[in-house]
Amino acid sequence: MTTLSVSVAWQQGNVAQEQVLWLNAPATLGDALEQLRQQQPAAADALAAAAAFGVWGKVRPTDQLLRDGDRVEIYQPLRTDPKEARRENAGRARSGRSKPPPRP
């Protein structure tokens, strides 16, 4: 039986997390997420709040087959509309404040 090594990356609070998983081939994105859930109970919050999942920066369905060395990513929903954030940053720059205030 062939095994695959994949890494799973996600954000937990303000800290990026990464876990290497060994899966029996053939394995899907969903298989990797389920194994992560079993091995890292703390990742359950990230999985529950996920907006999407992907492989190497591209959104993929959970039935996507994985290859050895793939990087699985758990994407969180955006907290702020990017257009609104740019408007706010431009307004601060015009008012003389070049740096945005620190995030809470």
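Before reading on, note that the structure itself is shown above.
These lines cover the structure that appears in this document, whether it is placed above or below. Because the structure is a prediction, the values reported are computed rather than measured.

**Concerning the pattern of salt bridges**
Side chains carrying opposite charge are able to pair once their charged atoms draw close together.
Moving on, step 1. What the rule picks out here adds up to four salt bridges.
Moving on, step 2. With a closest N to O distance of 3.5 Å, Glu34 and Arg37 form a salt bridge. In this pair, Glu34 and Arg37 both sit in helix α1 (residues 29-39), three residues apart, roughly one turn of the helix.
Moving on, step 3. Overall, the relative accessible area of 36% leaves Glu34 in the partly exposed class.
Moving on, step 4. Here Glu73 ties to Arg71 by a salt bridge, and the two come within 3.0 Å at their closest N and O atoms.
Moving on, step 5. What makes Glu73 buried here is its relative accessible area of 13%.
Moving on, step 6. Taken together, the shared-partner salt bridges connect Glu18, Arg71 and Glu73 into one network.

**Section: the environment of Ala85**
Moving on, step 1. For Ala85, the location among the structural elements is in helix α3 (residues 82-94).
Moving on, step 2. The sequence separation of Ala85 and Thr28 amounts to 57 residues, and the corresponding C-alpha distance is 36 Å.

How each quantity is defined
Residues numbered from 1 in each chain as written. Predicted model: local features only at pLDDT ≥ 70, side-chain atom pairs only at ≥ 80, totals over all residues. Heavy atoms only, no water. Salt bridge = Lys/Arg side-chain N within 4 Å of Asp/Glu carboxyl O. Helix = DSSP H or I, 4+ residues; strand = E, 2+ residues; numbered from the N terminus. Buried < 20%, exposed > 50% of the residue type's maximum accessible area, 1.4 Å probe, protein only.

What is shown is where atoms sit, not what they do.
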